[in-house]
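The lines below spell out each chain.
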Amino acid sequence: MVASILLPLEPPALPVRDLVRCGELFGITEGTTRVTLSRMVSAGELEQGAEGYRLTGRMLARQQRQRRARHPQLQPWDGRWLLGVVVAERRRSVERAALRQTMAAARLAELRTGVWTRPDNLGAPSPALAAAAGQCLWMRGELADLAGQITAPAGSSDESLAARLWDLPGWAAEARRLVHELSATLPALVAGDTSALAPCFAVAASAVRHITADPLLPAALLPPGWPGDRIRAAYDEYEVAYGRL
């Protein structure tokens, strides 16, 4: 609750009295909220300052990821793909796991073990991807059509590769379901019904996680009726009503 109250704010900070009051709207006692704040400070997720408690560390990184996902700045796609091939040797398991998380967060998909790719339409790499880039050899290129000189596997096209790497129908179906649920929460929020906060909160948390998992592919590679823009607009509308309440 504390993180989700602060994540939409700029700067992501509130006085303790406001966070305590927010907790009370969710049926959380003042003591429990204060203990939570102390634990989040100890975990490096919050810091205290003149404006109260402020997100920091991984929570601040989460805010930046969500912001990029909700308002993506996509570049025109020229048909090229970005390819990262792991070349670092003798990596520890924790390093391998961290790289997988970083690649997934940057919306690259694993073509095969140690080979990550996506359409090159996201512009500059995220700070996390830039920090991990040293483990990989990076290339940009198009799928090759060798004019019959080599027999390519069936379905060797940009569209079929995207469909292989991402479950696009599954993501779209869940997005449409969440758009419906977000829209259904609006009347209660607009009416000022604080009893609706907790159930609406759960729907919103699912929605923002799903938005963050949007692969952000070029329009040419998406199925018809792709609901990416719709779920982002529905979440923005929800957040305005939620913030007012």
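Residues numbered from 1 in each chain as written. Predicted model: local features only at pLDDT ≥ 70, side-chain atom pairs only at ≥ 80, totals over all residues. Heavy atoms only, no water.

J.: Teacher, can you tell me more about unusual backbone geometry here?
T.: With the exception of glycine, the majority of residues adopt a negative phi angle, and the majority of peptide bonds are in the trans configuration. Note that the residue after Glu10, namely Pro11, is joined by a cis bond; omega there is 0 degrees. Residue position: Pro11 is located in the loop between α1 (2–6) and β1 (13–14). Positive phi, close to 70 degrees, is recorded for Arg107, a residue that is not glycine. Residue placement: Arg107 occurs in the loop between α5 (93–105) and β5 (109–112). Overall, the relative accessible area of 11% leaves Arg107 in the buried class. The phi dihedral of Leu216 falls on the positive side, at around 55 degrees, and the residue is not glycine. Along the chain, Leu216 turns up in the loop between α9 (197–212) and α10 (228–244). By relative accessible area, which is 7% here, Leu216 ends up buried. (Helix = DSSP H or I, 4+ residues; strand = E, 2+ residues; numbered from the N terminus. Buried < 20%, exposed > 50% of the residue type's maximum accessible area, 1.4 Å probe, protein only.)

J.: Help me understand the packing of aromatic side chains in this model?
T.: Two measures describe an aromatic ring pair: the distance that separates the ring centres and the angle between the ring planes. Counted by the stated rule, this structure contains 4 aromatic pairs. Between Trp171 and Trp226, the aromatic rings sit 4.9 Å apart at their centres with planes inclined by 15 degrees, giving stacked as the arrangement. Pair noted here: Trp171 is in helix α8 (residues 168–190) and Trp226 is in the loop between α9 and α10, with a separation of 55 residues, a long-range link. Each member of the pair, Trp171 together with Trp226, is buried. (Phe/Tyr/Trp six-rings, centres within 6.5 Å; stacked < 30°, edge-to-face > 60°.)

J.: Looking at this structure, how should I read the environment of Leu161?
T.: Mapped onto the elements, Leu161 comes out in helix α7 (residues 158–165). Placed 50 residues apart in sequence, Leu161 and Leu111 show a C-alpha to C-alpha distance of 9.0 Å. Leu161 has contacts with Trp81, Leu111 and Leu143, leaving out every residue within four places of it along the chain. (Contact = heavy atoms within 4.5 Å.)

J.: What exactly am I supposed to notice about a nonpolar patch on the surface here?
T.: The grouping of Val87, Leu137 and Met139 at the surface amounts to a nonpolar patch, some 260 Å² of accessible area in total. Assignment of secondary structure puts Met139 in strand β7 (residues 136–141). By relative accessible area, Met139 is classed as partly exposed at 38%. (Patch = residues over 30% accessible without salt bridge, like charges linked within 9 Å, V, L, I, M, F, W, Y side chains within 5 Å. Areas by Shrake-Rupley, 256 points an atom, 1.4 Å probe, with all protein chains shown as cover. Salt bridge = Lys/Arg side-chain N within 4 Å of Asp/Glu carboxyl O.)

J.: How should the pattern of salt bridges be read in this particular structure?
T.: Throughout the structure, instances matching the rule amount to 15 salt bridges. Asp78 is the partner of Arg80 in a salt bridge, and the nearest nitrogen-oxygen pair spans 3.2 Å. When the shortest N-O distance is used, the salt bridge between Arg92 and Glu95 registers 3.7 Å. Because the salt bridges share partners, they merge into one network encompassing Arg70, Asp236 and Glu239.

J.: Mind showing me how you'd approach the pairing of strand β4 (residues 81–86) here?
T.: On a regular strand, one side chain projects to one face of the sheet and the next to the other, so that they alternate. Here β4 pairs with strand β6 (residues 115–119) via 5 bridges, running antiparallel. Among the inter-strand pairings, Leu82 is bridged to a residue of β6, identified as Arg118. Relative to β7, β4 is paired through 6 bridges, and the arrangement is antiparallel. Looking at the pairing, Gly84 lines up with Trp138 of β7. (Pairing = 2+ DSSP bridges.)

J.: What is the right way to read the nonpolar core from this model?
T.: Nonpolar side chains tend toward joint burial in soluble globular proteins. Grouped together as the largest cluster of nonpolar side chains are 48 residues, with contacts concentrated most on Leu46, Trp166, Tyr235 and Tyr238. Among the elements that line this core, the one with the most residues is α8, at 9 residues. Among all residues touching Tyr235, those that are not within four sequence positions of it are Arg70, Leu182, Ala204, Ala207, Val208 and Ile211. Counting 9 residues, the second-largest nonpolar core is a separate cluster that includes Ala106, Leu108, Ala132 and Cys136. (Core = buried A, V, L, I, M, F, W, Y, C linked by side-chain atoms within 4.5 Å.)

J.: Which parts of the structure should I look at to understand α7?
T.: Since one α-helical turn is 3.6 residues long, residues separated by three or four positions face the same way. Those residues of α7 that fall on the buried side of the exposure criterion are Leu161, Ala162 and Leu165. Taken around the axis of α7, the buried residues stretch over an arc of 100 degrees, which confines them to a single face. Of the surrounding secondary structure, the elements contacted by the buried residues of α7 are β4, β5, β6 and α8. (Arc of directions from axis to C-beta.)

Just distances and angles here, no functional claims.
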